[in-house]
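Topology and contacts: notes
Residue strings, one per chain:
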Amino acid sequence: MTTARKQNRKEEILGTLAHMLATHLGQPITTAKLAAEVGVSEAALYRHFPSKAKMFDDLINLIEDILLGSMNRMLEQQKDTLSRVREMVLLILRFAEQSPGMSRVLTGDALMGEHERLRVRVVGLFDKLESQMKQVLRERRLREGKEFSTDEGILTNVVMAYTEGKLLQFVRSGFKIKPTAQFDTQWNVIEHQLLHA
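An account of the accompanying structure is given in this report. (Residues numbered from 1 in each chain as written. Predicted model: local features only at pLDDT ≥ 70, side-chain atom pairs only at ≥ 80, totals over all residues. Heavy atoms only, no water.)

A few words on the packing of aromatic side chains. Scanning all chains against the criterion turns up 2 aromatic pairs. Each ring, one from Phe170 and one from Phe175, has its centre 5.0 Å from the other, and the planes form 55°; the classification is tilted. Here the two residues Phe170 and Phe175 agree in accessibility, since each one is buried. (Phe/Tyr/Trp six-rings, centres within 6.5 Å; stacked < 30°, edge-to-face > 60°. Buried < 20%, exposed > 50% of the residue type's maximum accessible area, 1.4 Å probe, protein only.)

Next up, the structure:
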């Protein structure tokens, strides 16, 4: 099998896993079910991934690449601090809304009963997102000559708690309550209450 075909099959397996995470709420996704959905044997599945944990590992890598890559591109274009923070939150929420299966990975819901290392990886991803946001808030002093009246670490934590809460609400509602629902109104409250120095 050529490398391109192997890569395509791996992507197909990961795409199918993400789809099943979105459509099989509350049901465990076994390798047998996944193989049947992809249309291959379990043995074929294991030729591409040595374990189910490795599949989730690759999904987390994909999520991280998409979110951090999108944020870096946005930060290159957007220079206003409050707009940057708003766009960072909106990027995470839109990603989750467009990829419900991936939102279950982000909230840890899909990782119940899986290897503890995977949960630690997701924690690490959120640590990176939080560090990025904290850096954006700290740069305000240099970029705009303004300081926040509250410590940037505290502000970041509150904004990330809002973001993660929206993701949890989305998953808990069976994907009915969209993460971006009422975002503009809610963000105006957050920005007014927290972020205006």
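Note on pairing: side chains with opposite charge can pair once their charged atoms come close. The final tally for this structure, using the stated rule, is 16 salt bridges. Lys128 is the salt-bridge partner of Glu64, the closest N and O atoms lying 2.5 Å from each other. Here Lys128 lies in helix α7 (residues 116–138) and Glu64 lies in helix α4 (residues 52–77), a separation of 64 residues in the sequence. On the basis of relative accessibility, which here comes to 41%, the residue Lys128 falls in the partly exposed class. For the salt bridge of Arg143 with Glu139, the shortest nitrogen-to-oxygen distance reads 3.4 Å. On the basis of relative accessible area, Glu139 is assigned to the partly exposed category, the value being 21%. A single network of salt bridges, built from pairs that share partners, joins Asp57, Glu64, Arg117, Arg121 and Lys128. (Salt bridge = Lys/Arg side-chain N within 4 Å of Asp/Glu carboxyl O. Helix = DSSP H or I, 4+ residues; strand = E, 2+ residues; numbered from the N terminus.)

Further remarks concern the nonpolar core. Counting 57 residues, the largest nonpolar core has Leu34, Phe56, Leu59, Val105 and Leu129 as the members making the most contacts within it. If you tally residues by element for this core, the top one is α4, at 11 residues. With residues up to four places along the chain from it excluded, the contact list for Val105 reads Leu21, Phe56, Leu59, Ile60, Ile63, Ala110, Leu111 and Val122. (Core = buried A, V, L, I, M, F, W, Y, C linked by side-chain atoms within 4.5 Å. Contact = heavy atoms within 4.5 Å.)

In this model, α7 (23 residues) spans 33 Å end to end at C-alpha, consistent with the 33 Å of a helix rising 1.5 Å per residue. Residues Leu118, Val122, Leu125, Phe126, Leu129, Glu130, Met133, Val136 and Leu137 constitute the buried set of α7. Where α7 is buried, its residues meet α4, α5 (81–98), α6 (100–107), α8 (140–144), α9 (152–172) and α10 (183–195). (Expected span 1.5 Å × (residues − 1).)

Before going further, it helps to examine the environment of Asn72. Inspection of the secondary structure assignment puts Asn72 in helix α4. Measuring from C-alpha to C-alpha, the distance between Asn72 and Lys146 comes to 23 Å, with 74 residues separating the pair along the chain. Among the polar contacts made by the side chain of Asn72, one reaches the side chain of Gln132 at a distance of 3.1 Å. (Polar contact = N/O pair within 3.5 Å; in protein donor to acceptor, adjacent residues only side chain to side chain.)

Another point: the packing of α4 against α5. At a minimum axis distance of 10 Å, the contact between α4 and α5 shows a crossing angle of 150°. With respect to α5, the element α4 is oriented roughly antiparallel. Taken as a pair, α4 and α5 cross one another with a handedness that is right-handed. Along the contact surface, α4 presents Ile63, Ile66, Leu67, Ser70, Met71, Met74 and Leu75, while α5 presents Arg84, Glu87, Met88, Leu91, Ile92 and Phe95. Considering only residue class, the contact of α4 with α5 consists of 10 nonpolar, 1 polar and 2 charged. (Axes fitted to C-alpha atoms, helices over the stretch in contact; angles between N-to-C directions. Parallel < 35°, antiparallel > 145°, perpendicular 65-115°, else oblique. Left-handed = near helix turned anticlockwise from the far one by under 90°. Nonpolar A, V, L, I, M, F, W, Y, C, P; charged D, E, K, R; others polar.)

Bringing the packing of α5 against α6 into the picture now. Direction vectors running N to C along α5 and α6 enclose 120°, while the axes themselves pass 5 Å from each other. In terms of orientation, α5 and α6 fall into the oblique class. Contacts between α5 and α6 involve Phe95, Ala96, Glu97 and Gln98 on the former and, on the latter, Pro100, Met102, Ser103 and Leu106. For the contact of α5 with α6, the per-class residue count stands at 5 nonpolar, 2 polar and 1 charged.

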